[in-house]
Amino acid sequence: MWMVLATFVAFLTMVGVNELLFRASEHVPGINWVYLPAGVRLLATLLFGFSGAVGLLLAAWCVNFWYFLGSPRFQCNK
């Protein structure tokens, strides 16, 4: 259980750091040229296996909700 939580926190932290450091290098909103959480994905699956994959799945759901449903720049204006 702690491996799932560690992966979840590490991935969300790296997404936040990535947003702070590389917002200026966005190709399109939400897609950066440098993506730091990719390293967390690799390490989590190599070190924690299935538990790391579950943590990544939960974190990815949260990030997708944050990007696509919670952010006003992705919402349709009528």
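Residues numbered from 1 in each chain as written. Predicted model: local features only at pLDDT ≥ 70, side-chain atom pairs only at ≥ 80, totals over all residues. Heavy atoms only, no water.

Draft legend 1. Layout of the environment of Leu5. Within the secondary structure, Leu5 sits in helix 1 (residues 2–22). C-alpha separation for the pair Leu5 and Ser51, spaced 46 residues apart in sequence, amounts to 9.0 Å. (Helix = DSSP H or I, 4+ residues; strand = E, 2+ residues; numbered from the N terminus.)

Draft legend 2. Here's a closer look at a nonpolar patch on the surface. There is a patch of nonpolar side chains on the surface, built from Leu42, Leu43, Leu46 and Leu47 and spanning about 450 Å² of accessible area. Within the secondary structure, Leu43 is located in helix 2 (residues 37–48). (Patch = residues over 30% accessible without salt bridge, like charges linked within 9 Å, V, L, I, M, F, W, Y side chains within 5 Å. Areas by Shrake-Rupley, 256 points an atom, 1.4 Å probe, with all protein chains shown as cover. Salt bridge = Lys/Arg side-chain N within 4 Å of Asp/Glu carboxyl O.)

Draft legend 3. Looking closely at the packing of aromatic side chains. The final tally for this structure, using the stated rule, is one aromatic pair. For the ring pair Trp2 and Phe48, a centre distance of 5.8 Å and an interplane angle of 75 degrees mean the geometry is edge-to-face. Taken together, the residues span a long stretch of sequence, with Trp2 in helix 1 and Phe48 in helix 2 at a distance of 46 residues. Classification of Phe48 as partly exposed rests on a relative accessible area of 25%. (Phe/Tyr/Trp six-rings, centres within 6.5 Å; stacked < 30°, edge-to-face > 60°. Buried < 20%, exposed > 50% of the residue type's maximum accessible area, 1.4 Å probe, protein only.)

Draft legend 4. The arrangement of the side chain of Asn18 in detail. The residue Asn18 is located in helix 1 in this model. Among the residues examined, Asn18 registers a relative accessible area of 1% and is labelled buried.

Draft legend 5. Broad picture of the nonpolar core. Counting eight residues, the largest nonpolar core is built from Phe11, Val15, Val40, Ala44, Leu56, Ala59, Val63 and Tyr67. Among the elements of the structure, helix 1, helix 2 and helix 3 (50–69) are those that each provide at least two residues to this core. Examining the composition of this core, we find that four residues originate from one element, helix 3, more than from any other. Beyond its immediate sequence surroundings of up to four residues, Ala44 is in contact with Thr7, Gly49, Gly52 and Leu56. (Core = buried A, V, L, I, M, F, W, Y, C linked by side-chain atoms within 4.5 Å. Contact = heavy atoms within 4.5 Å.)

Without other data, these values stay purely geometric and don't point to any function.
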